Amino acid sequence: MIGFLRGEVAYLYTDCVLLDVQGVGYRVYIADSTRRQLHLHEQALLFTHMAVREDDITLYGFGTEEEYALFQQLISVSGIGPKVALGILSSITVASLCRAIQNKQAAVLTKLPGIGKKSAERLILELKDKLAFAHTTPEDADEGDLFDTGAEDTALGDIAGETRAALLSLGYSEQEITPVLRKVAKCESTEAALKLALKELSRF
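Calculation notes
Residues numbered from 1 in each chain as written. Predicted model: local features only at pLDDT ≥ 70, side-chain atom pairs only at ≥ 80, totals over all residues. Heavy atoms only, no water. Core = buried A, V, L, I, M, F, W, Y, C linked by side-chain atoms within 4.5 Å. Buried < 20%, exposed > 50% of the residue type's maximum accessible area, 1.4 Å probe, protein only. Contact = heavy atoms within 4.5 Å. Helix = DSSP H or I, 4+ residues; strand = E, 2+ residues; numbered from the N terminus. Polar contact = N/O pair within 3.5 Å; in protein donor to acceptor, adjacent residues only side chain to side chain. Salt bridge = Lys/Arg side-chain N within 4 Å of Asp/Glu carboxyl O.

Student: Could you give an account of the nonpolar core, with specific residues and numbers?
Tutor: Residues Leu 70, Leu 74, Leu 97, Leu 109, Ile 115 and Leu 123 are the most contacted members of the largest nonpolar core, which totals 28 residues. Once residues within four sequence positions are removed from consideration, Ile 115 is found in contact with Ile 80, Val 84, Ile 88, Leu 109, Thr 110, Ala 120 and Leu 123. In terms of nonpolar packing, the next biggest core, distinct from the first, is built from 13 residues, Val 9, Val 17, Val 21 and Val 28 among them.

Student: Account for the side chain of His 49, with residues named and values stated.
Tutor: You can see His 49 is positioned in strand S4 (residues 43-53). We classify His 49 as buried; its relative accessible area is 14%. Here the side chain of His 49 touches Gln 72 through a polar contact of 3.1 Å, side chain to side chain. Non-local contacts of His 49, meaning those with residues more than four positions away in its chain, are made with Thr 58, Leu 59, Tyr 60, Phe 62, Tyr 68, Phe 71, Gln 72 and Ile 75.

Student: Describe the pattern of salt bridges, listing the residues and the values that go with them.
Tutor: The tally for this structure, following the rule as stated, stands at one salt bridge. When the shortest N-O distance is used, the salt bridge between Asp 129 and Lys 128 registers 3.3 Å. Given a relative accessible area of 68%, Asp 129 falls into the exposed group.

Student: Can you explain helix H4 (residues 94-102)? Please cite residues and give values.
Tutor: Counting buried positions over the nine residues of H4 gives seven, a clear majority of the element. Along H4, the residues classified as buried are Val 94, Ser 96, Leu 97, Cys 98, Arg 99, Ala 100 and Ile 101. Phi turns positive one or two residues past the end of H4, at Lys 104, with a value near 55 degrees.

Encoded structure:
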C-alpha cells in the first residue's frame, strides 16, 4: 500500500490532483480542504489511501494526518465508501464533524452529502467513542457553526451574498468561497468584490 506521496503539483482539478513523483503522474482524489493547500508547480506531500476494486485502483490524498485518520474512521462504517467519505470531508471541517458525532447531532450529519438518517445513526453509534480530534466542549458546538459554508453572508452584506452566488454558479465550492468572502467584505460593489474573489481563488 502507498502510505504517502511527495512530488510536484503538475495539474490541479476540482476533485483531484496530478502529482508528479519522479516523472510518474499519480492521480489523487482530494477533499476541498486539501485542495486549498496545494499550488501548481509546488512540492506537496499527501497521505494516501489506495482503494482497490476488481476493475479499478483509486488513490485518495489528504494534506494532514488528522484528515487522513478521520477518513479511515469514516470508511470503517458500514455503508460509507471512499467517495462518500471524501464528500463529507469536503463539506465540513474535521473538528466540526467530530463534534457532531460526539454530541450525537444526527440533524447536522444528515445535511452532509450521501448521509441519510440511518447512516447518521451508524456514524454516531460506531464512532462517537473513537474520535479524538475535537477539542471543544458540547456547549461550544452550535449547529450553525459546524459547517464551513457561506453562513456569514448576511453579516457581510448584500455584496458578499451576491458574490457568493456568482462564485457558486461558476462551480466553486462553499469551502473555497467562505474564506474569500471575508476578504471582499470592504469592497464597494459586487463587480469589485467578484474581481477580487476570483483573483484570490486563482491562487489555489
